[in-house]
Amino acid sequence: MLGSKIENILRKMEKQEKFEQENPYKIPNSEKLLSIGRNTGIFYNILLKSKNVKRILEIGMSAGYSTMWFAEAISNQKDGKIITIDQDKNKIERAKRNFVQGGLYDLIEIRHGDALEVLSQINVEKSSAELFDFVFIDADKERYIQYFDAVLPMVKPGGFIGADNILFPERFQRFTRSYVEHVQKIPNIRTVTIPIDNGEELSLKLY
Ligand SMILES: C[S@@+](CC[C@H](N)C(=O)[O-])C[C@H]1O[C@@H](n2cnc3c(N)ncnc32)[C@H](O)[C@@H]1O
């Protein structure tokens, strides 16, 4: 069971996400959550807990729905930490409120800016002891391949990279198909498409 504070925030966000999907023209695009599905959240939460993951990097936070599933999974780890990136200040403010209310704020470092630029800053700052156990890609679909290539050297051997919207919405498929083909060709990657909610590509860095 999740703590009631976290569960209440997640449920509220799920209601909003449902409203957005059923009434696509009532909320401006800039205010939409565009969050992962609940089953996807549970899926990653189980994976992260069972692997004792400590260090996570997220590209595309929005108001923090996915981030909260990840943060809950690592909340019992002594040195658990998430770095999450978004370029939208309004969403960052909403996410901060959610993290504070959920009691997860201390685990999460928010980086504001264009994801590729922030990734190159992180790459410069990091020492090899600070590699990530898990990276989640959920920002602009056109640049998934660039994000993957940028983060691969920052992932531990045995760590993994997840990417959302691999199957749906259909308008993203021309980008996500190329992403899957790209990832499948990399020798030290084992990868699978999981047909859960909008479809996840889960890629393990073997060595
Ligand atoms: C699909 S939403 C993320 C949803 C979130 N992962 C969740 O499940 O709750 C995509 C987010 O990526 C951000 N984004 C899109 N392109 C970006 C870029 N180039 N750099 C940084 N953030 C970006 C958007 O502002 C938006 O909040």
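What you are looking at is a predicted structure, and each value in this text was computed from that prediction instead of being measured. (Residues numbered from 1 in each chain as written. Predicted model: local features only at pLDDT ≥ 70, side-chain atom pairs only at ≥ 80, totals over all residues. Heavy atoms only, no water.)

S.K.: Can you tell me about the pairing of strand β1 (residues 55-59), naming the residues and giving the values?
M.R.: Buried residues dominate β1, accounting for five of its five residues. Going residue by residue along β1, you find Arg 55, Leu 57 and Ile 59 tucked away on one face and Ile 56 and Glu 58 tucked away on the opposite face as well. Here β1 pairs with strand β2 (residues 81-86) via five bridges, running parallel. Bridging across to β2, Arg 55 finds its partner in Lys 81. Note on the crossover from β1 through helix α3 (residues 65-74) to β2: the handedness is right-handed. As paired elements, β1 and strand β4 (residues 132-137) share four bridges and run parallel to each other. Directly across from Ile 59, in β4, lies its bridge partner Ile 137. (Buried < 20%, exposed > 50% of the residue type's maximum accessible area, 1.4 Å probe, protein only. Helix = DSSP H or I, 4+ residues; strand = E, 2+ residues; numbered from the N terminus. Pairing = 2+ DSSP bridges. Right-handed = clockwise from strand over helix to strand, strands pointing away.)

S.K.: Explain the site of the ligand to me, and be specific about the residues and the numbers.
M.R.: Taken together, 22 residues are adjacent to the ligand, and Gly 60, Ser 66, Asp 86, Asp 138 and Arg 143 come closest. Backbone polar atom of Ile 36 to an oxygen atom of the ligand: 2.9 Å apart, as the coordinates give it. For the ligand, the protein covers 91% of the area, taking 600 Å² as the surface of the free molecule. Of the residues belonging to the shell around the ligand, the class tally is eight nonpolar, six polar and eight charged. (Near = heavy atom within 4 Å. Polar contact = N/O pair within 3.5 Å; in protein donor to acceptor, adjacent residues only side chain to side chain. Areas by Shrake-Rupley, 256 points an atom, 1.4 Å probe, with all protein chains shown as cover. Nonpolar A, V, L, I, M, F, W, Y, C, P; charged D, E, K, R; others polar.)

S.K.: Explain the sheet that holds strand β7 (residues 200-205) residue by residue, including any values.
M.R.: Strand order in the open sheet made by the seven strands is β3-β2-β1-β4-β5-β7-β6, with mixed pairing throughout. Either end of the sheet is taken by a strand with one partner, and the two such strands are β3 (108-112) and β6 (189-194). Taking each pair of neighbouring strands and ignoring which way they run, the sheet shows an average axis angle of 15°. Against the sheet, α3 contacts β1, β2, β3 and β4, and its axis sits at roughly 170° relative to β2. (Axes fitted to C-alpha atoms, helices over the stretch in contact; angles between N-to-C directions. Contact = heavy atoms within 4.5 Å.)

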